[in-house]
Amino acid sequence: MSTSVLPGPRLRQLPRTIEPLHRETSGSYLGRLAAANRISLQELSAQIQDPDRIHPGKLTTLHAIHCLSGHPVDRLLRALPDLRSAELTTRFTAQPLKPLPDKGWTTQPVCTRCLAGLGITTHASRHVPVSTNICLRHGRWIGRYGHQLDLRTVPEVIRAQRHHHNLVRRHGQPTVTYAMAEATDISFRWWDSDRFDRRWRSRMTELSGPKWHAFKDDISLVACTYPDIVALAGLFASPHLRFLPFTGKDRDLRRFIRDVRERAATDYSLEAVGKRDPLIRWIEEEPSDRSLPFYPWRPPGRPAPEQVNVP
């Protein structure tokens, strides 16, 4: 597509240009473009923002990247979604592209093995659904730069990523995000009190050896607890299973607790836990959470007040 309507910049195409990745962030692409030309990102950014080098005024990031890379504007808009706007996509693409929604997406590092397969030796980041934690192609945790764990020795962690994606497809991103937050809070309170931790401990041993040592926010610990959290989130995300403790029927409450044992807390029983148990607290407090504006479920109609018969 012709770009003759663009303002006349004094920026020039860099000697070496590179292809943008699919859904790459514009900052990541600029960083890789600078590295390919052996200049710092700060130097390149200063050149973009220097008013003496741009005429007739400051260019948008899209137009600056177009000038520096030589790639057509429509190609950049398809590859770099954070540069999109309704006006730009209507003006420069044959079919308007939708900007990424504000919710449901985040930025994550690209798997370094995926990059190596493309001949890229620098880091890169891209926009992904918030449910993305693992590169399923290479079985690597991609939660942070410089620490991408190889999870092939703990395949249940990799399966948990597929389960997480399936939950989103079944229940929607807002519902699963809410349920994941609940499951994470309950699970970590159990682990802090050293209860129901056999599964993640065995994964830590498999991943890091018998003499492993973990600290809070350790990426190995986060990865090894991920399957239990996703499994428990599946219980909370289900519009049927979630409300079993609130029917007033003992068999429904027992079924709910049985699912908790099978999913995330081996040997859990209502008789053995105290009132401070995080799941008991959740059962007591969940009805009041339904008044929150972002509560994503529509509870079945039941007579008020809702009470739970917890032994």
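All chains use their own residue numbering, which begins from 1 and follows the written sequence. Side-chain atom pairs in this predicted model are given and counted only at pLDDT of 80 or more, local residue features only at pLDDT of at least 70, and totals for whole chains, interfaces and linings cover all residues. Side-chain measures were taken over the full set of non-hydrogen atoms in the model, leaving aside hydrogen atoms and water.

How would you summarise the confidence of the model for the protein chain if you had to cite specific residues and measurements?
Per-residue confidence for the protein chain gives a mean pLDDT of 85, with 88% of residues at or over 70. Confidence scores per residue from the predictor, reported as pLDDT, run from 0 to 100. Residues are treated as being in contact if the distance between any of their heavy atoms lies within 4.5 Å. Segment residues 1-5 is flagged for pLDDT under 50; beyond a separation of four residues in sequence, or across chains, it makes nine contacts in the model. Segment residues 302-311 is flagged for pLDDT under 50; beyond a separation of four residues in sequence, or across chains, it makes 17 contacts in the model.

Describe the nonpolar core, listing the residues and the values that go with them.
Counting 52 residues, the largest nonpolar core has Leu151, Leu232, Phe236, Phe256, Val260, Tyr268 and Leu279 as the members making the most contacts within it. Sorting the residues of this core by element identifies helix H7 (155-171), helix H8 (173-192), helix H9 (198-208), helix H10 (219-237), helix H11 (250-263) and helix H12 (278-289) as the ones contributing at least two each. Here this core takes twelve residues from H10, the largest share from any one element. Not counting residues within four places of it along the chain, the set of residues in contact with phenylalanine 256 comprises Leu235, Phe236, Leu241, Arg242, Leu244, Pro245, Leu279 and Trp282. We define a nonpolar core as any set of buried Ala, Val, Leu, Ile, Met, Phe, Trp, Tyr and Cys residues linked to one another through side-chain atoms lying within 4.5 Å. Buried, partly exposed and exposed residues are distinguished by accessible area as a fraction of the type maximum, computed with a 1.4 Å probe on protein chains only: under 20%, between the cut-offs, and over 50%, respectively. Here a strand is any run of E in DSSP of at least two residues, a helix any run of H or I of at least four, and the numbering for each starts at the N terminus.

Which residues make up the environment of aspartate 277, and what values do they have?
With respect to the element layout, aspartate 277 can be found in the loop between H11 and H12. For aspartate 277, a relative accessible area of 7% translates into the label buried. The spacing of aspartate 277 and isoleucine 186 is 91 residues in sequence and 8.7 Å in space, taken between C-alpha atoms. What aspartate 277 contacts, discounting residues up to four positions off in sequence, is Trp190 and Tyr268. Each polar contact in these results corresponds to two N or O atoms within 3.5 Å; when the atoms are within protein, one needs to be able to donate a hydrogen and the other to accept it, and residues that are neighboring in sequence are counted only if both atoms are side-chain atoms. Among the polar contacts listed, one links the side chain of aspartate 277 to the side chain of tryptophan 190, at a separation of 3.0 Å. Polar contacts involving the side chain of aspartate 277 include one to the main-chain amide nitrogen of leucine 279, which spans 3.0 Å.

Any details on the pattern of salt bridges? Residues and values, ideally.
Salt bridge, as used here: a side-chain nitrogen of Lys or Arg that lies within 4 Å of a carboxyl oxygen of Asp or Glu. Following the criterion strictly, the structure yields 14 salt bridges and no others. Between glutamate 19 and arginine 75 there is a salt bridge; the shortest N-O distance is 3.9 Å. Pair noted here: glutamate 19 is in the segment before helix H1 (26-36) and arginine 75 is in helix H4 (residues 73-79), with a separation of 56 residues, a long-range link. Relative accessible area serves as the criterion here: at 49%, glutamate 19 is assigned to the partly exposed category. Here the residues in one salt-bridge network are Glu182, Arg242, Glu286 and Arg290, joined through shared partners.

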